[in-house]
Amino acid sequence: MIKLPPGVTIEEVPLDKRYASTVKGLQTRIRKLYEAVVERFGEAGFELIKNVSAQYGREIAGKVRARQGEMDIKQVGLFLVRVFNGVRSDGEVIEWTDEKITIMVPECPYPFTKPETCQAHTSMEENLVKGLNPNLDYVIERCIPRGDSECWHVLKKRL
C-alpha cells in the first residue's frame, strides 16, 4: 500500500470489490493491447500473442509439475478452475468424467470480439494442459467470439 502524508486519507474499498475492479481493468487493458498489436502487425500480431501466451502456459506447467508431478484429468480440471477463478470468471463445470471435463463460462472476462484473439490468448491454457498431462487435449468447443452464447473450455483424454 502507498503511504500517505500525515493527515491525508483515502476511502478504503473492501478487498473483494477492489480486487474485482482491478482484475476487470487489467483484463480490459490486455484486450486493448491485443487489439493494438493486431492492428499494427496483422497476422504476425496474432502469432506474437499466441507465442507469448503459449510460453507462459509452459512456464506455469513446469513449475506446477516440479511440485506435483504429472496430473490426471480431474487434477488438471481443478487447476484450470483455479486459473479461471483467479481472473474472476463466472461459470460452472457441466461435465466431469474420467474422459472429459467441460467448464462453461457464460461471459468472456476480457471480452474478446474476434475468435482469432481468443484462440491466440488461450494457447496459454492449451500449453498449460499439455504440460501438466501430455495425454490431454484442451479445446474450446463453444466460443462467444465465434457467435456462441457461452464458452466451453474442454479437457479430453487424447485418443
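Every value quoted in this text rests on a predicted model; they were computed, and no experiment measured them.

## Let's talk about the overall build of the protein
Logical step 1: Broken down by element type, the protein carries five helices and four strands.
Logical step 2: Each helix and strand of the protein, placed in order from N terminus to C terminus, yields the pattern α-α-α-β-β-α-α-β-β.
Logical step 3: The principal-axis extents of the C-alpha atoms in the protein amount to approximately 65 × 40 × 30 Å.
Logical step 4: Relative to its 159 residues, the protein shows a buried fraction of 35%.
Logical step 5: Residue pairs at least 24 apart in sequence account for 59% of intrachain contacts in the protein once pairs closer than 6 positions are excluded.
Logical step 6: Accessible surface, the protein: about 10,100 Å² in total, of which carbon and sulfur atoms supply 55%.
Logical step 7: Distance between charge centres in the protein, computed from 24 positive and 23 negative side chains, equals 5 Å.

## Digging into helix α2 (residues 43-68)
Logical step 1: With 26 residues, α2 ought to run about 38 Å at 1.5 Å a step, and its terminal C-alpha atoms sit 37 Å apart, in line with that.
Logical step 2: Backbone geometry just after α2 places Gly-69 at a positive phi near 80°.

## A short note on the sheet that holds strand β2 (residues 100-105)
Logical step 1: Taken in spatial order, the four strands line up as β1-β2-β4-β3 in an open sheet, and their pairing is antiparallel. Looking along the sheet, the strands with just one partner apiece sit at the ends: β1 (92-96) and β3 (136-142). Going from strand to strand, the sheet's axes swing by 20° on average, the running direction of each strand aside.
Logical step 2: Alignment of β3 against strand β4 (residues 151-157), held across six bridges, turns out to be antiparallel. Directly across from Val-139, in β4, lies its bridge partner Val-154.
Logical step 3: Lying on the sheet, helix α3 (residues 73-86) is in contact with β1, β2, β3 and β4; it crosses β2 at an angle near 15°.
Logical step 4: The sheet contacts of helix α5 (residues 123-132) involve β3 and β4, and relative to β3 the element is tilted by about 150°.

## Thoughts on the packing of α3 against α5
Logical step 1: Two elements in contact, α3 and α5, have axes separated by 11 Å at closest approach and are oriented at 150°. Taken together, α3 and α5 sit at an angle that is classed as roughly antiparallel. Here the hand of the crossing between α3 and α5 comes out right-handed. Within the contact between the two elements, α3 uses Val-76, Phe-79, Leu-80, Val-83 and Phe-84 and α5 uses Met-124, Glu-125, Leu-128, Val-129 and Leu-132.
Logical step 2: Class assignment of the residues belonging to the contact of α3 with α5 gives a composition of nine nonpolar, no polar and one charged.

## Considerations on the pairing of β4
Logical step 1: Counting buried positions over the seven residues of β4 gives five, a clear majority of the element.
Logical step 2: One ladder, built from six bridges, connects β2 with β4; its direction is antiparallel. The residue of β4 that forms the bridge with Met-104 is Trp-152.

## Digging into a nonpolar patch on the surface
Logical step 1: A contiguous nonpolar surface patch, about 290 Å² in accessible area, is contributed by Leu-4, Val-8 and Ile-10.
Logical step 2: Position of Leu-4 among the secondary structure elements: in the segment before α1 (15-41).

## Some thoughts on the pattern of salt bridges
Logical step 1: The full count for this structure, using the stated rule, is nine salt bridges.
Logical step 2: Among the salt bridges present, the one from Arg-65 reaches Glu-70, with a minimum N-O distance of 3.6 Å.
Logical step 3: Looking at Arg-65, the relative accessible area reads 30%, which means it is partly exposed.
Logical step 4: The partner of Asp-137 in a salt bridge is Arg-158, with the nearest N and O atoms 2.6 Å apart. Of the two residues, Asp-137 is situated in strand β3 and Arg-158 in the segment after β4; the sequence distance between them amounts to 21 residues.

Parameters at a glance
- Residues numbered from 1 in each chain as written.
- Predicted model: local features only at pLDDT ≥ 70, side-chain atom pairs only at ≥ 80, totals over all residues.
- Heavy atoms only, no water.
- Helix = DSSP H or I, 4+ residues; strand = E, 2+ residues; numbered from the N terminus.
- Buried < 20%, exposed > 50% of the residue type's maximum accessible area, 1.4 Å probe, protein only.
- Contact = heavy atoms within 4.5 Å.
- Areas by Shrake-Rupley, 256 points an atom, 1.4 Å probe, with all protein chains shown as cover.
- Lys, Arg positive; Asp, Glu negative; His and termini not counted.
- Charge placed at Lys NZ, Arg CZ, Asp CG, Glu CD.
- Expected span 1.5 Å × (residues − 1).
- Pairing = 2+ DSSP bridges.
- Axes fitted to C-alpha atoms, helices over the stretch in contact; angles between N-to-C directions.
- Parallel < 35°, antiparallel > 145°, perpendicular 65-115°, else oblique.
- Left-handed = near helix turned anticlockwise from the far one by under 90°.
- Nonpolar A, V, L, I, M, F, W, Y, C, P; charged D, E, K, R; others polar.
- Patch = residues over 30% accessible without salt bridge, like charges linked within 9 Å, V, L, I, M, F, W, Y side chains within 5 Å.
- Salt bridge = Lys/Arg side-chain N within 4 Å of Asp/Glu carboxyl O.

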